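# Summary of the model geometry
Spelled out from the first residue to the last, the chains are:
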Amino acid sequence: MSHQAARALRAPRGDRPPELPIRVVAADDSYLIRESLTVTLASEPEIELVGMCSDGKELEACVAAEQPAVVILDIRMPPSGADEGVRVANRLRETNPEIGVLVLSQYAEAAYALALLESGSARRAYLLKERIRDKAELVRAVTTLARGGSVIDSQIVDVLIEARARVARSPLAELTPRERELLGEIAEGKSNAAIAESLVLSKRAVEKHVNAIFAKLNLRDAQDVSRRVKAALVYLAEEPD
Amino acid sequence: MIVIGGGSLACAAGYLAAVGPRLSARDAALVWVTVAVSVVALGLYAAAGRSGSRPGRVLTAAVVLWLVWLLLASRRPGEFTLGGLLAGLTVPILGYELLASTTGGAFLRSERLLLLASSAVVAICWGYLALSSRHLPLMTAMEKCQPACPHNVLFVGAPARAFVTVALEGLRAGWLAAAVGVAAFIVFRYRAAGVAERRYIAPVLAVASAYALIVATCVALELGGLNARAPLIWCSVIAATVVPLAMLAGLVWERLFMGEALEEFVNQLRDTEPEDVRMLMAQMLDDPSLQIAYSQPAEHGYVDPSGTSVELPGSDAEQAVTAVQDESGPQAVVIHRAAVPDEERFIRAAGAAAFISYENHRLEADLSATVVELAASRKRLIEAAYAERQRIERDLHDGIQQRIVSARVSLGLADDALDTTPTRGRRMLAEIGCDLEDALEEVRALAQGVYPALLTTYGLLEALRSAARRSPGPVTVRGDIARYPPETEAAVYFCCLETLQNVAKHAGRDAATTVRLWEDGTTLCFQTRDSGVGFTLGATPTGRGLVNMRDRLSAVGGSLTLSSRVGVGTVIRGCVPLPSQAPGL
């Protein structure tokens, strides 16, 4: 299983670069994680940590007061202790659609990521908690969110692709190994430019590949980075006929 | 027959009213009391509803005998002569009444032959004597007309002396044969009857025996030169009235016996094992060949309490079958000596009691088997839980703790190294990072195995799909189900997980699995079907996994079925009852 970090993507066409520094509010019921987040983000000039909360209720008040650009939160928080983070994210989609939400989770489960993207994939990120050890990765995810993009943890995408490819008569069998690799990058939320960079391809070649993949899988929205994350993820997670 | 009997009785009453004034007050009273008592006795008898009996025959015979008595009291020659003629037939008629009263039903061919033959002999001899006598000189003491009785209207002429002697001998032989023969037949009937039926026959048998003795005595007296014909006819008329009373007595005795016997039988049933019920019943019914068998709906047959299959005798066999039924059909059968319907009712009652006792024993046995199985299942579940705890403890100590300890030690070393050889120190720090990542991965896998958080959050389908993605082979999960109580979801989840693990272990590398889940409002079911190598049920030990699954399901009231064929694959299906939802919730 790959531990390759998710990478930020360049802003989709038409999106402006975010105002700097990016105002961030974080919430986690664990003191250690809160400390790690504070230490990691404090030293980052592009990011201003304007609030730190220990549960969903505090977070609500803090969001209302601070109007941050991005919220980082733990998936499992009081009071429900189940998928509170996902619920908060979905609520924010209603009340503050301009706020990006990064859900940190201890579960490498696609179901949670899909639940997070249910109300739309723009400005949503699902990362495994251990990713916060890598400051650069965390900052990239926050920046991507602030620009309107999405990020899905590579480990989740890997599991989905592997499982989907095992099924007999899987359409994934029609993809070349390169295309399959590309599909993973798409599901992780990368833009064509970011994919071109990571796979050492020309942007034109990436575009061609992406169109070919989406045609083979009979999917739409090949060029809308934010929407195609969800399309790819849903496709990978659904039960084959 | 009842109509004929009743009609005869009405005629007798009418005649009695006509000739009544000529009777003495004592005789008239006697006749009326006799008629009333007999009618009441027979009425009671009929009301008691002893099935298959024909009290009408008894009544008819009794009325004919009373007629004889009344006719002989007449002073008109015609009536007197008719009475005299019929008087000779009193013995066969009483024999008919006696036999009719024991069974009331069909006579055996031999019985009918005896009655017809004796009647014919008596009729011929008596007829000859009647035609050849100026007066009917046969019942000297009976009639009040002595010494001036009405003359015999049938008299044709004095007979030859030798013929009279022969006729008298024939008459006596016919009487004796009828009385003794009938008594003997009733003895046979008694011996062939069931225990209850015997109580009914016994009083009639006593009357028949006494009557046979009287007839024999009279015949002996006649042979000694005395004229005993009058007392004989007297006795016959009295016996005709006694027979219905004997029937009534027998009926009462029979019913009392049935009640007591059943009560005792039921009392003894309480302390009797099902295997010994047959013997108890055979003793009570005095029928050693008796068998009792219980319905086995699944096999459409009957078994005895030890489970051995029992064949029912054919319709032409000597043994009869009495079934204990309820709405759903026969529950038990008693195979017994052929018996009259009343006896069968008695047997059916005893059979019903035996069946209830058998059912009780069976339910008790089922219950104790369930309790034993439940205890075993609970023990296995607890053992499995402890084994699981031990596994988690081992994983924590041997895996994760080792990694953390090693990281802690390396951290100290790296700290030292950073001062002296920073390159080496940084490499060591990177290694520590990898160690911790591995530890993290192990913790995640462990936590997932202990209880998948997905199951709590999103339910069975999502949890199983996640497990399916982690399976080495292709697994499809299908279903349209809702959320259920945690214990139900957990039981189904871990059962499916177990089958997925079994497929991974045994079914072969390319085996594809389909997990289907469905619910019909009362039960939640799952079925896993793999396309693996399969196995032959019974030939391959199925191991602990299957026992675990059964235990998990039975703990929430569910059950499991398994089918497998070599080369086709294995299908496992489990169902769990859902708690009924209270309205309004």
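Everything in this summary refers to the structure shown in the same document. (Residues numbered from 1 in each chain as written. Chains lettered and ligands numbered in written order. Predicted model: local features only at pLDDT ≥ 70, side-chain atom pairs only at ≥ 80, totals over all residues. Heavy atoms only, no water.)

### A word on the pattern of salt bridges
Residues and elements named next belong to chain A.
- If you walk through the whole model with that rule in mind, you get 32 salt bridges over all chains.
- Between Arg91 and Glu60 there is a salt bridge whose closest N-O contact spans 3.6 Å. With a gap of 31 residues between them, Arg91 in helix α3 (residues 84–95) and Glu60 in helix α2 (residues 56–66) connect regions that are remote in the sequence.
- Arg91 gets classed as partly exposed once you look at its relative accessible area, which sits at 40%. (Salt bridge = Lys/Arg side-chain N within 4 Å of Asp/Glu carboxyl O. Helix = DSSP H or I, 4+ residues; strand = E, 2+ residues; numbered from the N terminus. Buried < 20%, exposed > 50% of the residue type's maximum accessible area, 1.4 Å probe, protein only.)

### Some words on unusual backbone geometry
- Its identity as a non-glycine residue notwithstanding, Arg123(A) has a phi of 60°, on the positive side.
- Of note, Arg123(A) is situated in the loop between α4 (110–117) and β5 (124–128).
- Phi at Asp286(B) is positive, roughly 50°, even though this residue is not glycine.
- Its location among the elements puts Asp286(B) in the loop between α10 (274–285) and β1 (291–296).
- Relative accessible area serves as the criterion here: at 36%, Asp286(B) is assigned to the partly exposed category.

### With respect to the environment of Ala193(B)
Residue and element names in this part refer to chain B.
- With respect to the helices, strands and loops of the structure, Ala193 is situated in the loop between α7 (161–192) and α8 (195–223).
- The spacing of Ala193 and Arg337 is 144 residues in sequence and 9.0 Å in space, taken between C-alpha atoms.
- Dropping the residues within four chain positions of it, Ala193 is found in contact with Arg198, Ile201 and Arg337. (Contact = heavy atoms within 4.5 Å.)

### Things to note about the packing of aromatic side chains
- The full count for this structure, using the stated rule, is 9 aromatic pairs over all chains.
- Both rings, one in Tyr107(A) and one in Tyr112(A), keep their centres 4.8 Å apart while their planes meet at 20°; by these two values the pair is stacked.
- Ring plane angle 5° and centroid distance 3.5 Å describe the contact between Tyr294(B) and Tyr358(B), whose orientation is recorded as stacked. Of this pair, Tyr294(B) sits in strand β1 while Tyr358(B) sits in helix α11 (residues 341–420); the two residues are 64 residues apart in sequence, bridging distant segments of the chain.
- According to the relative accessible area criterion, Tyr358(B) is buried, its value standing at 12%.
- Taken together, the ring pairs connect Tyr107(A), Tyr112(A) and Tyr458(B) into an aromatic cluster.
- The residue whose ring lies beneath Arg198(B) is Tyr190(B), and the NZ or CZ to ring-centre distance is 5.5 Å.
- Over the face of the ring belonging to Phe257(B) we find Arg199(B), whose NZ or CZ atom lies 3.9 Å from the ring centre. (Phe/Tyr/Trp six-rings, centres within 6.5 Å; stacked < 30°, edge-to-face > 60°. Lys NZ or Arg CZ within 6 Å of the ring centre and 35° of its normal.)

### A closer look at the interface of chain A and chain B
- Between chain A and chain B, the contact holds 27 residues from the first and 23 residues from the second.
- With both sides pooled, the region where chain A packs onto chain B buries about 2,000 Å², and carbon together with sulfur makes up 47% of that total.
- When residues of chain A are sorted by the area they lose upon contact with chain B, Glu109(A), Arg166(A) and Glu239(A) head the list and together hold 32% of the total.
- The partner of Arg444(B) in a salt bridge is Glu130(A), with the nearest N and O atoms 2.8 Å apart.
- Our count for the chain A to chain B interface comes out at 8 residue pairs in polar contact (both at pLDDT 80 or more).
- The dominant element in the side of chain A that touches chain B, judged by the number of residues it contributes, is helix α6 (residues 154–166) of chain A, at 5 residues.
- Classifying every residue of the side of chain A that touches chain B gives 16 nonpolar, 3 polar and 8 charged. (Buried area = accessible area lost by both parts, 1.4 Å probe. Polar contact = N/O pair within 3.5 Å; in protein donor to acceptor, adjacent residues only side chain to side chain. Nonpolar A, V, L, I, M, F, W, Y, C, P; charged D, E, K, R; others polar.)

### Some thoughts on helix α1 (residues 31–42) of chain A
All names here are of chain A.
- Its 12 residues place the ends of α1 16 Å apart at the C-alpha level, agreeing with the 16 Å of an ideal helix rising 1.5 Å per residue.
- All buried positions along α1 are accounted for by Ile33, Arg34, Leu37, Thr40 and Leu41. Taken around the axis of α1, the buried residues stretch over an arc of 135°, which confines them to a single face. Among the exposed residues of α1, those pointing more than 90 degrees away from its buried face are Tyr31, Leu32, Val39 and Ala42.
- In the core, the buried residues of α1 are packed alongside β1 (22–27), β2 (47–53), β3 (70–74), β4 (100–105) and α5 (135–147). (Expected span 1.5 Å × (residues − 1). Arc of directions from axis to C-beta.)

### What about the pairing of strand β5 (residues 329–337) of chain B?
All names here are of chain B.
- Taking burial as the measure, the 9 residues of β5 include 7 buried ones, the bulk of the element.
- Strand direction decides the pairing type here: β1 and β5, joined by 4 bridges, are antiparallel. Bridge pairing in β5 links Ala293 to Val333.
- In this sheet, β5 lies alongside strand β4 (residues 319–326) in antiparallel orientation, the contact comprising 8 bridges. Note on β5: the bridge partner recorded for Gln325 is Pro330. (Pairing = 2+ DSSP bridges.)

### Some points on the sheet that holds strand β7 (residues 513–519) of chain B
All names here are of chain B.
- In spatial order, the strands read β6-β7-β8-β10-β9; together these 5 strands make up an open sheet with mixed pairing. Each end of this open sheet is capped by a strand with a single partner; those strands are β6 (475–479) and β9 (559–565). Taken pair by pair, the neighbouring strands of this sheet meet at an average axis angle of 10°, ignoring direction.
- Where β7 lies against strand β8 (residues 523–530), 7 bridges are found, and the strand directions are antiparallel. Paired with Val515 across the two strands is Thr528, which belongs to β8.
- Helix α14 (residues 460–470) rests against β6, β7 and β8 of the sheet, and its axis sits at about 170° to β6. (Axes fitted to C-alpha atoms, helices over the stretch in contact; angles between N-to-C directions.)

### Topic: the nonpolar core
- Counting 87 residues, the largest nonpolar core has Tyr126(A) and Leu517(B) as the members making the most contacts within it.
- With 9 residues, helix α15 (residues 486–507) of chain B is the largest single contributor of residues to this core.
- In contact with Leu517(B), not counting residues within four places along its chain, are Leu460(B), Leu461(B), Leu464(B), Val477(B), Arg478(B), Gly479(B), Asp480(B), Ile481(B), Val492(B), Cys525(B) and Phe526(B).
- Membership of the second largest hydrophobic core comes to 47 residues, among which are Ile93(B), Leu98(B), Ala178(B) and Ala183(B). (Core = buried A, V, L, I, M, F, W, Y, C linked by side-chain atoms within 4.5 Å.)

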